[in-house]
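Read off the chains here:
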Amino acid sequence: MNRRTTALLILVFLAGAAIRIAVNDVEEYAPDDEAVYVRTTAFLCQHGWTSYPTLVHDYLANREAWAYPHPMRWGHFALTTLACKLSAKCDARTLADLSTAAGILSILLIFLLGRELLGAEVALIAAALTVTSPLQLAMGRRALQDEVFCASVLLTLWLCALAVRATEATPRRLLLWASSIAAMTLTLGIKESSILLYPAFLLFLVVLAPSPRRRALPGIAALVVLPPLLHAAVTMALCGGLRAYLDLLHIVMTAASSSNTPFAQQYSSGPFHRPLFDLLILSPLVMVLAIAGAARSRRDRSLDALSLFAAATLIVFGLLALKNVRYVIPVDPVARLLAASVLASLPRRPWLLLGAIGVIAVTELRLFFELFEMADIYDPLTESLLRALRAIPQAPPE
């Protein structure tokens, strides 16, 4: 990587960090999910991780708690407790700061993933596009796990790309596969529904693997099999036994498949393409360019892998009864890589590229401020987004 690219990356990274820190200004946090994350983290900070079985027991005994974040997300709680230890306080602001840090890290990770797959130029454009992502900016200011989950998925994709493209059987290759397995295990620990990303990860790895693909099959098989087993083993150890683990797993799976509540039926249902529709609301220009990039992906194996990862994720989560654009947040940075591949193919005129990035940045920042600052949207549900943009009739004044 030459000095010019390094200097531009530093500028992009600093701009992304400055914007994320500036918009990390939430004053009132939600009394449901965000409060649960704070209480659970505070409990672990006070009593230590040896108290995890007590945490699980209290969760299992309280039916009302089953609708909220659960102890199976130990990966996220490990990071939140670390953040609280480093900040010497444990409140929603500290957890929001963790999300902001994850958002800043995501800019670097999307560059690293893009450089590995598509080259430094496309990676730099993708990082620049990521700076103003409305979805990532919004989730980077909340005391939730979504932006941390996004960063973890990007880390896993990058390590997997390095591992599967390493052709020689060296200690470095084994280390890369081991790191990929560890990253995937952490991702499962941050959000258990990341198991639904397995078809996307599998397609990503199989398409990306160089010929003959049989050399990569042992590593791919290990990545598919080992992380769920490791996640189950860690969760079982934290729960204090097999019975508590199975009870917790049953509750989590039942809650994930349930759409019978009035709120879920009214706000989280919808057609198969709702996740893609919401991404188009939040980032219309980037998503149109990403679709164009996916359409030309047959020319490049790396573009194929990224396109299939995004498509498989949207398909799987589109089939779920409960839908929310937060669930498909890893598609957002991948779409920016696909969009960047289109922008990089434009005629070599710097003003044209800078103009396109500038128009996208202005559009996305306006959408972010209109939706998440002025309308103060907490959860980017379709109804909330459309109402804030006046795309549907407003509620009559009382």
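Below: a short report on this structure.

Conventions we followed
- Residues numbered from 1 in each chain as written.
- Predicted model: local features only at pLDDT ≥ 70, side-chain atom pairs only at ≥ 80, totals over all residues.
- Heavy atoms only, no water.
- Helix = DSSP H or I, 4+ residues; strand = E, 2+ residues; numbered from the N terminus.
- Rg over C-alpha atoms; globule rule 2.2 N^0.38 Å.
- Buried < 20%, exposed > 50% of the residue type's maximum accessible area, 1.4 Å probe, protein only.
- Contact = heavy atoms within 4.5 Å.
- Areas by Shrake-Rupley, 256 points an atom, 1.4 Å probe, with all protein chains shown as cover.
- Lys, Arg positive; Asp, Glu negative; His and termini not counted.
- Charge placed at Lys NZ, Arg CZ, Asp CG, Glu CD.
- Axes fitted to C-alpha atoms, helices over the stretch in contact; angles between N-to-C directions.
- Parallel < 35°, antiparallel > 145°, perpendicular 65-115°, else oblique.
- Left-handed = near helix turned anticlockwise from the far one by under 90°.
- Nonpolar A, V, L, I, M, F, W, Y, C, P; charged D, E, K, R; others polar.
- 1 Å grid on protein atoms, 1.4 Å probe; cavity = no way out; pocket = protein on both sides within 12 Å on 5 of 7 lines; lining within 4 Å.
- Points joined across faces, edges and corners; volume = space filled by probe spheres on them.

Quick look at the overall build of the chain now. The helix and strand inventory of the chain stands at 19 helices and 0 strands. Its C-alpha radius of gyration of 21 Å places the chain within 12% of the 21 Å reference for a compact globule of 398 residues. In terms of overall dimensions, the chain has C-alpha extents of about 65 × 65 × 40 Å along its principal axes. Across the 398 residues that make up the chain, the buried fraction comes to 52%. Pairs at least 24 residues apart make up 78% of the contacts formed inside the chain by residues separated by at least 6 positions. Accessible surface computed for the chain: about 17,900 Å², of which carbon and sulfur atoms make up 66%. Of note, the chain has its 33 positive side-chain charges centred 12 Å away from the centre of its 28 negative side-chain charges.

Attention now moves to the packing of helix H6 (residues 120–130) against helix H17 (residues 331–344). Close contact between H6 and H17 brings their axes to 8 Å; oriented N to C, the two are set at 120 degrees. Comparing the axis directions of H6 and H17 gives the class oblique. In terms of crossing hand, the pair formed by H6 and H17 is right-handed. Seen from H6, the contacting residues are Glu121, Val122, Ile125, Ala126, Leu129 and Thr130; seen from H17, they are Arg336, Leu337, Ala339, Ala340, Ser341, Leu343 and Ala344. In the contact of H6 with H17, the residues fall into 9 nonpolar, 2 polar and 2 charged.

In this structure, the second largest pocket occupies an estimated 540 Å³ of space. As for the second largest pocket, its lining consists of 20 residues, and the residues nearest its centre are Arg4, Leu8, Leu124, Ile125 and Leu353. For the lining of the second largest pocket, the secondary-structure elements that each account for two or more residues are helix H1 (3–22), H6, H17 and helix H18 (350–374). A class-by-class count of the residues in the lining of the second largest pocket yields 15 nonpolar, 1 polar and 4 charged.

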